[in-house]
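# Per-entry structural report
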Amino acid sequence: MKGPATRLILSAQRPRVFTRPSFATTPFTTPSVRRYASTTGTPASGSSRVLNFFYGSTIVLGLGIIYVYVTDTRASAHRYIVIPALRWFYPDPEEAHETANQVLKSLWDFGLYPRERGDPDQIGDLEVEVFGRTIRNPIATSAGIDKHADIPDPLFAVGPAIIEIGGTTPMPQSGNVKPRVFRLTSQQAMINRYGLNSEGADHIAMRLRNRVRKFAYRLGLGQDEVAEKAVLDGIAGVPPGSLTPGKLLAINIAKNKITPEDDVDAVTKDYVYCVDTVGPYADILVVNVSSPNTPGLRSLQQSDKLQKILSGVVKAAHSVDRKTRPAVMVKVSPDEDSDAQISGICDAVWAAGVDGVIVGNTTNRRPEPLPHLKNLSSLEEQHLLETGGFSGPHLFDRTVSLVKRYRKLLMERPPTDERVPQAPSALQAEAQKIKSALETPSGSAPSTSPDAVTASVDTGVIPAQPMPEQTNSEKQPLFNLPKDRFYDKPLEEQDNIDNSNAAFPEKPSAQPVDEVGRLQAIQEAIERLPPREQRDAFDKLETPVHLASNDQPKVIFATGGITNGKQALEVLNAGANVAMVYTALVYGGVGTVSRIKDEMRAEMRRQAAEKYPNVLGDAVKTP
């Protein structure tokens, strides 16, 4: 028999743990629940299915709502969360800009990009006409947002009718030393001295070429050079630059920094090289002679220099290997604002046959802070001392004033100017043919001549021939075979040929057999497109204004300080055709364009209600 001491020792060696039996005696135990579920199964399984379905549906619905919200440009998160987060994570504005562009590019690739939902422009209340084309709204983005043609399609998706990419220089150049961009957040302004950093015209052209070929491939036309040429000639019913109906792509071009500004011939060659390289993929070419960050560039705005440069660009644009040439504009500085300077610029524009002017760029001046905004911080006061171009809402009043002054001089050709415009005579003949084709009654037989070419308002050129299902006998070709410029001649003869008087130089010999076969294959692919797409292309036939006389009023784009819809309307009423935004987009995010257009519509309703109170009554509410 064991004594107390023995029992104590044993108990110390084997601790008593009797928790399991004590839990087993409780009325609510986990094992009993598990046994019930495993033995009966039916009640718990049914309820689990319902709960799982409920939870799954809630998650899917929630993700769908989040997806719709964050991909809608009108979501306030883009302005009040995304932009402040970028500023917080990336103190350097240039790094923030590059990151935002890369994110947009990736979101586009995955189909998760922000877009303007509901297509508010379809009602046509903001439509305007520029260069003979009807565009969906008068809002554009300025150069600098997409310097290297990385995100043209994501930018179009957020609502503008025109985007300007670049600046593009002939050869690659790195620009100025970093840091070269400085925020003035309290004043919603910026200072930059990028110095026209560019990957070069060849690289930009390659990127745009791939974009066109991918577009052609999606249409079933193939992905080679002939398919690309067909799209650029307007066969797909879209503008060759934007590839989107009712929208246009502008490419900003400039000289290289190392090209001496005093050598006008060398400078002109820089611009012409850009035209020859990227011109086929542009709806508008913008000659940049106003960047304050390239030494000597603004000196090119002197009338005699500017006229020679612009004449070379216009001549090169006329020779772009496409059925319609890109429009040519010149971007001028807000600092060259004396009467003599503005008059000299306008004289050069009329003499060279340029199609329009972009009024405004960043300024070397340092405007006073706006009182309705926050005070400058000590860091921002230091930023004001940095060299570079200033942009922000402070420039708006100056922009409006300049637009009015340029509109007076660009409304009609000066009567004392007897210089003959440099538009090729072949273009004038082509314009007459187009006019005659358009005036042909609908009941008459369309011409089958290769010269019977018509142009689309939104698309470029497509032939005025019947729809395939409308022909009674033999089908007419949907487009004419393109004419090569002079590729059958020896290389040493090609360089000596003057194409200034030929919009579409004819090839002396026949097309290669393989190319003809490829074009026929493209024609068959086009004929297989849905009838609606074919019909839409033919419904938009109209003569392009860039084949018209040089006596037409010049188009004016206004940029500088435009931040809201009311300001956009004011600058349009001052004489501009299009209002461009840059800094507002940097601070307002991807929803800026949608917001400006909504504010324009609200302001238009308010003004209409004030003007016609008895007619409209309560149908138009003031905001």
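Quick caveat, the model's predicted, so the values are computed rather than measured. (Residues numbered from 1 in each chain as written. Predicted model: local features only at pLDDT ≥ 70, side-chain atom pairs only at ≥ 80, totals over all residues. Heavy atoms only, no water.)

### Quick word on the side chain of D72
Mapped onto the elements of the fold, D72 is located in the loop between α4 (42-70) and α5 (77-89). R74 is the oppositely charged side chain nearest to the buried, salt-bridge-free D72, at an N-O distance of 4.5 Å. Apart from the residues lying within four places of it in its own chain, the contact partners of D72 are H78, R115 and R117. (Helix = DSSP H or I, 4+ residues; strand = E, 2+ residues; numbered from the N terminus. Buried < 20%, exposed > 50% of the residue type's maximum accessible area, 1.4 Å probe, protein only. Lys, Arg positive; Asp, Glu negative; His and termini not counted. Salt bridge = Lys/Arg side-chain N within 4 Å of Asp/Glu carboxyl O. Contact = heavy atoms within 4.5 Å.)

### As for the sheet that holds strand β4 (residues 162-168)
Overall, parallel pairing links the eight strands, which are arranged β3-β4-β7-β8-β9-β10-β14-β15 in a closed barrel. When the angles between neighbouring strand axes are averaged without regard to direction, this sheet yields 25°. Direction of pairing for strand β7 (residues 248-253) relative to strand β8 (residues 284-288): parallel, over a ladder of four bridges. Looking at β8, one finds that A250 is bridged to I284. Packing against the sheet, helix α10 (residues 264-278) makes contact with β4, β7 and β8, and its axis sits at approximately 150° to β7. (Pairing = 2+ DSSP bridges. Axes fitted to C-alpha atoms, helices over the stretch in contact; angles between N-to-C directions.)

### Things to note about helix α19 (residues 565-573)
Of all the residues in α19, the buried ones are G565, Q567, A568, L569, V571 and L572. Where the residues of α19 are buried, they touch β3 (139-146), α14 (396-410), β14 (555-559), β15 (578-581) and α21 (592-611). Two or three places before K566, at the opening of α19, N564 has a side-chain oxygen 3.2 Å from that residue's backbone nitrogen. Downstream of α19 by one or two residues, G575 has phi in the positive range, about 135°. (Polar contact = N/O pair within 3.5 Å; in protein donor to acceptor, adjacent residues only side chain to side chain.)

### Some words on the pattern of salt bridges
Opposite charge on two side chains permits pairing when their charged atoms draw close. Within this structure, the stated rule accounts for 28 salt bridges. The salt bridge partner of K305 is D262, with a shortest N-O separation of 3.9 Å. Taken together, the residues span a long stretch of sequence, with K305 in helix α11 (residues 303-318) and D262 in the loop between β7 and α10 at a distance of 43 residues. For D262, a relative accessible area of 63% puts it in the exposed group. Connected through salt bridges with shared partners, the residues R74, E116, D121, D125, K597, D598 and R601 form a single ionic network.

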